[in-house]
Amino acid sequence: MAKTQLNVRLDEDAADAARQAAETRHMTLQQYIEHLVRSDTDPLRAAFVASARDVITEYGDLIEERARAPRG
């Protein structure tokens, strides 16, 4: 697939965070940014996040209550 060059300006903190995140994931900065864009625009991911949000909205109190309940 052909690549298109983009020039992006970030403040220094955001640039440092992006470099560090890419390094942590053993990716180049280019690979990391491409991964972020693909993840953010993936319709399947968007549907999953929306469904998860619905579950949390509907059952969040029950989940928290269960998480706080003594075990055993």
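Residues numbered from 1 in each chain as written. Predicted model: local features only at pLDDT ≥ 70, side-chain atom pairs only at ≥ 80, totals over all residues. Heavy atoms only, no water.

> Which parts of the structure should I look at to understand the confidence of the model for the chain?
Low pLDDT means the predicted coordinates in that region are not meant to be read closely. Residues of the chain with pLDDT of at least 70 account for 100%, and the chain-wide mean is 92. Mean pLDDT across the elements of the chain ranges from a minimum in helix H3 (residues 43–68), with 90, to a maximum in helix H1 (residues 12–24), with 97. (pLDDT = per-residue confidence, 0-100. Helix = DSSP H or I, 4+ residues; strand = E, 2+ residues; numbered from the N terminus.)

> Explain the environment of Thr24 to me, please; I cannot follow it from the model alone.
As for its position among the elements, Thr24 is in helix H1. For the pair formed by Thr24 and Arg66, sequence separation is 42 residues and the distance between their alpha carbons is 34 Å. Of the polar contacts made by the side chain of Thr24, one reaches the backbone oxygen of Gln20; its length is 2.9 Å. (Polar contact = N/O pair within 3.5 Å; in protein donor to acceptor, adjacent residues only side chain to side chain.)

> Would you mind going over unusual backbone geometry with me for this structure?
In most cases, non-glycine residues show a negative phi, while peptide bonds are predominantly trans. Even without glycine at this site, His26 takes up a positive phi of about 55°. Owing to a relative accessible area of 74%, His26 belongs among the exposed residues under this scheme. (Buried < 20%, exposed > 50% of the residue type's maximum accessible area, 1.4 Å probe, protein only.)

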